[in-house]
Amino acid sequence: MLSNLRIFAVNHKKISSLHINNMYCFRIRASLKRIKPHVPLGKNYSSLPGLIGNDVKSLYSVISPPITKIRNIGIMAHIDAGKTTTTERILYYSGYTRSLGDVDDGDTVTDFMAQERERGITIQSAAVTFDWNGYRINLIDTPGHVDFTLEVERCLRVLDGAVAVFDASAGVEAQTLTVWRQADKHKIPRICFLNKMDKAGASFNYAVESIREKLKAKPLLLQLPIGEAKTFKGVVDVVNKEKLLWNPNSNDGKDFERKPLLEMSDPKLLKEATEARNALIEQLQTAIHRVTLAQTAVPVLCGSALKNKGVQPLLDAITMYLPSPEERSYEFLQWYKGDLCALAFKVLHDKQRGPLVFMRIYSGMIKPQLAIHNINGNCTERISRLLLPFADQHVEIPSLTAGNIALTVGLKHTATGDTIVSSKSSALAAARRAEREGEQKHRQNSETERLLLAGVEIPEPVFFCSIEPPSVAKQPDLDHALKCLQREDPSLKVRLDPDSGQTVLCGMGELHIEIIHDRIKREYGLETYLGPLQVAYRETILNSVCATDTLDRTLGDRRHLVTVELEAKPVETSSVVPVIEYAESVSEDILKGSQEAVENGIHSACLQGPLLGSPIQDVAITLHSLILHPGTSSTMISACVSRCVQKALKKADKQVLEPLMHLEVTVTRDHLSAVLADLAQRRGSVQEIQTRQDNRVVVGFVPLAEIMGYSTVLRTLTSGSATFALELSNYQAMNPQDQSMLLSRRSGST
């Protein structure tokens, strides 16, 4: 394996590329017998990435290029827009691979999981490091399926720029909006690549207008297509007034030529290019770079990744218009004064090497055998090895500096979202600097903490089911597998059902649960049994109620006596966490020592509602009275408060809330009526029907409980021609009839 290669010459001396090439070619050839034949042996990457031609570079400069030459970018889009194919072409033209991987053939570099190759979709984000024209590019190919939104979220968190890929025949689609909003949240500069220009129905103008209208972005047209659909053969470079024509006889798209646009031979193209060029704010590339970084506009390019057209200019645009790490403003960096500051944004579990932690280095340097401090976990760990990530293959390196993405081995406790620094004293010094600055700017302490501990928001799961090992003896093995998978995927929740004692899996969708089940079988050799998939309902109350409770218990020679009076009432703001209030009658002296116990009791009571045992949301709990016997333990206080809250919830008028999904179905006109009729049976409400080229897009809402198995039904109804996208919208109240039927089913099954 490439990851087993070790670099011994680390003294930052000048080493001839010939020597390094010979040394690495020998070792790589010896270790590549089990690897696909397209791994390069004679190109740039036969040695360390960064050795181009006969350049003589020090090993240090190869591993840690100047920060101005680094680009940390992500590829993001709606599912099936061509992200992975675009990534494969980028790797091929940069010299990283020797043959063109294909999603349909299941031989792509970044989709290396068995499930990804079988299904033709991206599930885990993959990091790849390569060079292009003297620039180091760390590229992350992210999923487009809504079940894996967290994968996109945690990767965007560490990127400096992104490429948004669009299907030119569809323009902006449902999941495009989601990932675009995620990029907006992290203020990430983007460029747009209108892919599939060769596809039937491709329309450059339609796709650009959809970016303008749906994303509220200002497109900068840096290219125009030459032809569309079957006639697509190249692009016009608007900035340089050139046309780029790909040789139709070239199988791999490497053979293309640049020609100036001339009045005599290209009057129409020249006119269009001139008009597009005049529409740009300025002609200079620095101006485009500036407005891209300011996110006041987005450069737009086009091509067909599958047909190998337009990818090289996309790579040029990445280096020219997207920012280097030092051009991104990270306010928290000033507190560290050049000390190590890194964010763990992903954890993988490897059977041989244990946990592998992906890190974005914001400042300082990482080396093997370095002791680091985890601020979130408040623990110190040691990095045993340091790797450059090459999808599922890795190269061992002696150090890595700020701006890079590293893969570390040896961290046993670090999880996704943890902030890594050089030492505890370094973290305390940074916190003191941040507090001083905060006082000067009248900031709250919470904002200081937010700057220091920048994590990842984890969405709430919407599906759950029980999971059982093949035998009781295998339960520890299952617990271990689930623990490892949870470190990799924080959106996977595992809990123990207190009534049945069963292990319960909670996930983001049918596919999410299915993939987890499959991975437990393949990677951990466990044949597990899944219970029926169930929807994660929630509960609320409709009126205000009061309750009192007293707990009087003597343990040994100590009496514990608590009397609680409280009120539960509905609130309009949607929140899964109860709002906790204290009446003026509650003594501050009593609260000083018991507030934490009171709040723990309230939170614990709201985890299970009286109707279905589902979490309670949209409620406020007001404590009116708390009477304590001296010496009463906090555990008893929590128990009494919890029991009192449950009593109040049972007295109130109760309501089940169900997850409502935002649905978009893209369907041909002749199958539209069948799709609409089916949605009506699923309690769906159609908001609008849009026209997208020759297709119709049905936009609406449907309860999650009614959409299970929808992909199979839709395929049957439309002969496989329709596609759909789902996203959690909100939780809504069930109507009385549906709620009554649900409660009857639940009570009948228990």
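About the thresholds
Residues numbered from 1 in each chain as written. Predicted model: local features only at pLDDT ≥ 70, side-chain atom pairs only at ≥ 80, totals over all residues. Heavy atoms only, no water. UniProt positions renumbered as here; feature names shortened; annotations may be inferred. Pairing = 2+ DSSP bridges. Helix = DSSP H or I, 4+ residues; strand = E, 2+ residues; numbered from the N terminus. Axes fitted to C-alpha atoms, helices over the stretch in contact; angles between N-to-C directions. Contact = heavy atoms within 4.5 Å. Phe/Tyr/Trp six-rings, centres within 6.5 Å; stacked < 30°, edge-to-face > 60°. Buried < 20%, exposed > 50% of the residue type's maximum accessible area, 1.4 Å probe, protein only. Polar contact = N/O pair within 3.5 Å; in protein donor to acceptor, adjacent residues only side chain to side chain.

- The name given to the protein in an unreviewed UniProt entry is Ribosome-releasing factor 2, mitochondrial, and the organism recorded there is Molossus molossus.
- One UniProt comment on the protein, placed under Sequence similarities (unreviewed entry), says "Belongs to the TRAFAC class translation factor GTPase superfamily. Classic translation factor GTPase family. EF-G/EF-2 subfamily."
- The record in UniProt for the protein states the following under Subcellular location (unreviewed entry): "Mitochondrion".

## Re the sheet that holds strand β30 (residues 545–555)
Here is step 1 of the chain: In spatial order, the strands read β30-β31-β33-β32; together these four strands make up an open sheet with mixed pairing. Bordering the open sheet on either side are β30 and β32 (579–582), each of which pairs with just one other strand. Ignoring strand direction, the axes of neighbouring strands in this sheet form an average angle of 25 degrees.
Here is step 2 of the chain: Relative to strand β33 (residues 619–628), strand β31 (residues 558–570) is paired through nine bridges, and the arrangement is antiparallel. By the bridge assignment for β33, A568 is matched with I621.
Here is step 3 of the chain: Taken strand by strand, helix α16 (residues 634–651) contacts β30, β31 and β33, and its axis lies near 150 degrees from that of β30.

## Some remarks on the packing of aromatic side chains
Here is step 1 of the chain: Per the counting criterion, the structure on display carries four aromatic pairs.
Here is step 2 of the chain: A ring pair is formed by Y92 and Y93, whose centres lie 5.3 Å apart and whose planes are at 65 degrees; its orientation type is edge-to-face.
Here is step 3 of the chain: The buried category is assigned to Y93, whose relative accessible area is 8%.
Here is step 4 of the chain: Each ring, one from W246 and one from F256, has its centre 4.9 Å from the other, and the planes form 20 degrees; the classification is stacked. Remark: F256 occurs in strand β12 (residues 256–260) and W246 occurs in strand β11 (residues 242–246); sequence separation between them is ten residues.
Here is step 5 of the chain: Residue W246 is classed as buried on the basis of its relative accessible area of 6%.

## Quick word on the pairing of strand β18 (residues 379–382)
Here is step 1 of the chain: Residues C379 and E381 point to one face of β18 and are all buried, whereas T380 and R382, pointing to the other face, are not buried.
Here is step 2 of the chain: Here four bridges tie strand β17 (residues 371–374) to β18, and the two strands are oriented antiparallel to one another. Looking at the pairing, A371 lines up with R382 of β18.
Here is step 3 of the chain: From the end of β17 to the start of β18, which pair antiparallel, there are four residues, and N378 there has a positive phi angle of about 50 degrees.

## Some words on the side chain of D549
Here is step 1 of the chain: Considering the arrangement of structural elements, one finds D549 in strand β30.
Here is step 2 of the chain: On the accessibility criterion, D549 (9% relative accessible area) is buried.
Here is step 3 of the chain: A distance of 2.8 Å separates the side chain of D549 from the side chain of R643, its partner in a polar contact.

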